[in-house]
Structure formats: C-alpha cells, structure tokens
Amino acid sequence: QVQLAESGGGLVQPGGSLRLSCTASESGVSLSVMGWYRRAPGKERELVATLIQSGSANYADSVKGRFTISRDNAKNTVSLQMTSLKPADTAVYYCNAILYPSGQNYWGKGTLVTVSS
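All residue numbers refer to positions counted from 1 along the written sequence of the respective chain. The predicted nature of this model means local features are confined to residues of pLDDT at least 70 and side-chain atom pairs, given and counted, to a pLDDT of 80 or more, with totals for whole chains, interfaces and linings taken over all residues. Hydrogens and water are ignored here; the side-chain numbers use all heavy atoms of the structure.

### Quick notes on the pairing of strand 9 (residues 91–100)
Okay, so step 1: Only protein chains enter the accessibility calculation, which uses a 1.4 Å probe. A residue is then buried if its area is under 20% of the maximum for its type, exposed if over 50%, and partly exposed in between. Runs of H or I in DSSP of at least four residues are treated as helices and runs of E of at least two as strands, each being numbered from the N terminus. Most of strand 9 is tucked away: 7 of the 10 residues are buried.
Okay, so step 2: Looking at chain direction, strand 4 (residues 30–39) and strand 9 are connected through 9 bridges and run antiparallel. The residue bridging Ser30 from the neighbouring strand is Tyr100, located in strand 9.
Okay, so step 3: Note: two strands are recorded as paired if DSSP finds a minimum of 2 bridges between them. Bridge analysis of strand 9 against strand 11 (residues 111–115) gives 3 bridges, and the strand direction is antiparallel. Following the sheet pairing, Ala91 is matched in strand 11 by Val113.
Okay, so step 4: When strand 9 meets strand 10 (residues 105–107), the two strands line up antiparallel, connected through 3 bridges. In the sheet register, Ala97 faces strand 10, and the bridge partner there is Tyr106.
Okay, so step 5: Hairpin connection of strand 9 to strand 10: 4 residues between the antiparallel strands, including Gly103 at a positive phi of 80°.

### Comments concerning the state of the cysteines
Okay, so step 1: Put simply, a disulfide is two cysteine sulfurs that come within 2.5 Å. This model, assessed by the stated rule, comprises 1 disulfide.
Okay, so step 2: Linked covalently through their sulfurs, Cys22 and Cys95 form a disulfide whose S-S length is 2.0 Å. In this structure the cystine formed by Cys22 and Cys95 twists about its S-S bond by roughly -80°; its chirality is therefore left-handed. Here Cys22, found in strand 3 (residues 18–24), pairs with Cys95, found in strand 9; they are 73 residues apart in sequence, far enough to count as distant. Just as Cys22 is buried, Cys95 falls in that class too.

### Some details on the environment of Ser7
Okay, so step 1: Summarising the element assignment, Ser7 is placed in strand 1 (residues 4–7).
Okay, so step 2: In contact with Ser7, other than residues within four places in its own chain, are Arg19, Leu20 and Ser21. The criterion used for residue contact is that any of the two residues' heavy atoms lie within 4.5 Å.

Here you go:
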C-alpha cells in the first residue's frame, strides 16, 4: 500500500508562485506515473500535469507555460512549481501515482491552493 502526502498549499495573490510537493511512503517501489490533479469548487477533478519515469510530461492546456512538474524517481517524490497563478487555479490539488507493473492507482488527500487578493 502506497500512501501519498502532499505539502505546499496555501493562499497566494494573483500573479504569485507556489510549489507543491508530494512524497510516496514507499521508496522501493516503481511508480510509472506521478502527477497532479485538481478539483475546483463545483467542478470535476481534472488533470493538471503528469510525468512518467522516462521524463515525458503532459500538461493541461490551462497551465502550460506556467506550471512545471518534476520528480525524483529514486525518492518517489513529485513537485509542481506553479507561477503566474490566477484565481481560476484555486482548487484542491491531489497527488497521484500509478504503481508499476500492477497499474494500481493511488491518491493523496489533497492540499488547498487559494489564489486571491
């Protein structure tokens, strides 16, 4: 059982930056994909960014050029650097990981990001 713990959420002004981090409880497992999703108030959960072990990243169009995802495969951590934040980025951000080779999906409990002046 892999547990994911997010950190780094909080309140930031529009145009500001914030960095989210996520650490998996097991460092000795292979996580084929690690990423971030978010759920804004009244909306469905949506993909923000994912990163596979080989280094290929995928971003939602709404965050391209503003957010950068990175991971440390040895430590099974993933981070999301968010810049030029907008009120529309306000959401609970969830860390996600997919275990290799089973494909089992794991979720963190989420961290709240609020972009407001």
